[in-house]
Amino acid sequence: MNSLDELLHPVTLDQFRAEYEDRKPLHVPAGTDRRKAAALTWNAFNALLDQSSLWTAGSLRLMRNHTPVPPEEYCRPVKTPDGTVMRPSAGMVEVFLSAGASAVANDVLHLHPPLTRIGQALGETYAALVGANVYCSFQGVRAFGTHFDNHDVFVIQTEGEKVWTLYENRALNPVDPPEDTAETRRWFEQTRGRVLQEVVMRPGDVLYLPRGWYHDALAVEGASLHVTFSVTPLYGRILLSLLDNAAMQNPAFRAWLPPAHQEDGRALQRRLAELGEMLAAIVATPEFRDEVAMAQRRLVARPAGFSLPTPKPVTLYRTTGRAFPRSSTALGVVYGWAVQERQFALEEMIAQFDFLSEQEVRAGVDAAETAGALEKL
């Protein structure tokens, strides 16, 4: 699956955006088409778990009765060149799973190519940071109690079945998840509202949940395996960090503020109003829009693509001291790096700025060479 359209099929992208996106949940049954279930089979998941050096107590968690199993109960200290780490014991993990625990394998997006492709498609569609976790549960087991997430969720059921209970309430644009405590879990149950829908997820089914939607899930009739993709675009807070950099280039933002007691506070009020107008002017500029766009692009890195044993070519350039051509904000950053480096390999530049496509970087270098700002060695 290389697009959101394929992930949601047979629901069309237009229908999804008009009726469901950021509005309400969507369940897309697989029917007789099980191709989506191939994103992660039991064999593929077992192969991931067998790579024991990938896993730590943080990346492979066990949950039981809605609470984490202490790492010391299923992990063993293992000496590595970087020190001792708590590594999950395969035998103990299977014992806990057989006894009713659930396994949560975190941050698997780049460990399995089918998941990587789906994550790349979601990231590019939403200009978002995307993650993927795998949940393995057995009959009658609920890893987590009722809760909501601070990101959009796309779920693919790949093996077995699971019943998702969706509630009527939704938190409005949550950002920071509450701490997982017994009190928080009670609060979720008290504020979730009535049951809105029960969804039985079967292999190949897809479930979309907007950010903040209350839900929980229960495995039924044997073992269940599903992948959850978290989709987290930027939101308004990014303006605060970007404005800090932009505003500090203006001497007015580096000047002292008048004391609050001066003119009974009127002097301070005037200054704050002036600074506020300057901030509004900065936000309205195309340059600031481009800064935000570049921050979005940084969330979606170019997918890895090794070509070993073929060695990478080395194409050397150096700056000449002449002016670089007018460019986008993103290419301006690339050019700034070139000026700082003075001499560099094109292949290094491409690797350094992986939020841009290789074609964009090469085109930018060609333009700079035509303008005389770069010359090939």
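Before reading further, recall that the structure is shown in the block above.
Residues numbered from 1 in each chain as written. Predicted model: local features only at pLDDT ≥ 70, side-chain atom pairs only at ≥ 80, totals over all residues. Heavy atoms only, no water.

Draft legend 1. Layout of the overall build of the chain. Broken down by element type, the chain carries 13 helices and 14 strands. When its C-alpha atoms are laid out on the principal axes, the chain stretches across 70 × 70 × 50 Å. Restricting to contacts in the chain with at least 6 residues of sequence separation, those with at least 24 account for 80%. By element, 52% of the accessible surface of the chain is carried by carbon and sulfur atoms, the whole surface being about 20,700 Å². If the 37 positive side-chain charges of the chain are averaged to one point and the 45 negative ones to another, these points end up 2 Å apart. (Helix = DSSP H or I, 4+ residues; strand = E, 2+ residues; numbered from the N terminus. Contact = heavy atoms within 4.5 Å. Areas by Shrake-Rupley, 256 points an atom, 1.4 Å probe, with all protein chains shown as cover. Lys, Arg positive; Asp, Glu negative; His and termini not counted. Charge placed at Lys NZ, Arg CZ, Asp CG, Glu CD.)

Draft legend 2. Main features of the pattern of salt bridges. The final tally for this structure, using the stated rule, is 15 salt bridges. Asp180 is the partner of Arg185 in a salt bridge, and the nearest nitrogen-oxygen pair spans 2.7 Å. Given a relative accessible area of 22%, Arg185 falls into the partly exposed group. One salt bridge in this structure joins Glu263 and Arg270, with 3.0 Å as the shortest N-O distance. (Salt bridge = Lys/Arg side-chain N within 4 Å of Asp/Glu carboxyl O. Buried < 20%, exposed > 50% of the residue type's maximum accessible area, 1.4 Å probe, protein only.)

Draft legend 3. Structural detail: the nonpolar core. Counting residues in each nonpolar core, the largest one holds 45 residues, and the members touching the most others are Phe16, Leu122, Phe154 and Phe229. Counting residues per element, this core draws most heavily on strand E7 (residues 128–137), at 5 residues. Leaving out residues up to four positions away in the same chain, Leu122 has contacts with Leu4, Leu7, Val130, Phe154, Phe229 and Val231. With 20 residues, the next largest nonpolar core counts Met294, Ala330, Trp337 and Leu346 among its residues. (Core = buried A, V, L, I, M, F, W, Y, C linked by side-chain atoms within 4.5 Å.)

Draft legend 4. Inspection of the pairing of E7 at higher detail. Judged by how many residues are buried, E7 sits mostly within the fold: 8 of 10 residues are covered. Note that strand E6 (residues 102–105) and E7 share 3 bridges and pair antiparallel. When the bridges of E7 are listed, Ala105 appears paired with Val134. (Pairing = 2+ DSSP bridges.)

Draft legend 5. Main features of a nonpolar patch on the surface. On the surface, a cluster of nonpolar side chains totalling about 260 Å² of accessible area is made up of Val314, Leu316 and Leu377. Relative to the helices and strands, Val314 resides in the loop between helix H10 (286–298) and strand E12 (316–319). Judged by relative accessible area, Val314 falls into the exposed class, the value being 61%. (Patch = residues over 30% accessible without salt bridge, like charges linked within 9 Å, V, L, I, M, F, W, Y side chains within 5 Å.)

Draft legend 6. Up close: the pairing of E6. Burial along E6 is two-sided: the face carrying Ser102 and Val104 and the face carrying Ala103 and Ala105 are both buried. Here 4 bridges tie strand E2 (residues 60–64) to E6, and the two strands are oriented antiparallel to one another. Looking at the pairing, Leu60 lines up with Ala105 of E6.

Draft legend 7. Structural context of the sheet that holds E12. Read from one edge of the open sheet, 3 strands run E13-E12-E14, paired in antiparallel fashion. Edge positions in the open sheet fall to strand E13 (343–345) and strand E14 (374–376), since each of these has one partner strand only. For this sheet the average axis-to-axis angle between neighbouring strands, irrespective of direction, equals 30 degrees. Bridge count for E12 against E14 is 3 bridges, and the pairing is antiparallel. The residue bridging Arg318 from the neighbouring strand is Glu375, located in E14. Where helix H11 (residues 329–341) meets the sheet, it contacts E12 and E13, and its direction lies at approximately 120 degrees from that of E13. Docked against the sheet, helix H13 (residues 358–370) engages E12 and E14, running at close to 100 degrees with respect to E14. (Axes fitted to C-alpha atoms, helices over the stretch in contact; angles between N-to-C directions.)

Draft legend 8. Representation of the side chain of Thr329 in the model. With respect to the helices and strands, Thr329 occurs in helix H11. A relative accessible area of 19% means that Thr329 is categorised as buried.

Draft legend 9. Region of interest: unusual backbone geometry. For the peptide bond that leads from His9 to Pro10, omega is 15 degrees, which places it in the cis range. Note on placement: Pro10 falls in the loop between helix H1 (4–8) and helix H2 (13–19). Residue Pro309 is bonded to the preceding Leu308 through a cis peptide linkage, with omega at 5 degrees. Tracing the backbone shows Pro309 in the loop between H10 and E12. In this structure, Asp22 takes a positive phi of about 60 degrees despite not being glycine. In this structure, Asp22 sits in the loop between H2 and strand E1 (26–28).

Draft legend 10. Examining the environment of Thr125 more closely. For Thr125, the location among the structural elements is in helix H6 (residues 113–126). Between the alpha carbons of Thr125 and Ser3 there is a distance of 8.0 Å; along the sequence they are 122 residues apart. In contact with Thr125, not counting residues within four places along its chain, are Leu4 and Arg17. Here Ala121 takes part through its backbone oxygen, which lies 2.8 Å from a polar atom of the side chain of Thr125. (Polar contact = N/O pair within 3.5 Å; in protein donor to acceptor, adjacent residues only side chain to side chain.)

Draft legend 11. Region of interest: the environment of Phe229. Here Phe229 lies in strand E11 (residues 213–233). Taking the C-alpha atoms as reference, Phe229 lies 4.5 Å from Ala132; in sequence the two are 97 residues apart. The contacts of Phe229, once residues within four sequence positions are left out, are Leu109, Leu115, Ile118, Gly119, Leu122, Val130, Gly131, Ala132, Asp152, Val153, Phe154 and Ile156.

Draft legend 12. Spotlight on the environment of Asp290. Mapped onto the elements, Asp290 comes out in helix H10. Residue Asp290 is classed as partly exposed on the basis of its relative accessible area of 25%. For the pair formed by Asp290 and Ala330, sequence separation is 40 residues and the distance between their alpha carbons is 7.8 Å.

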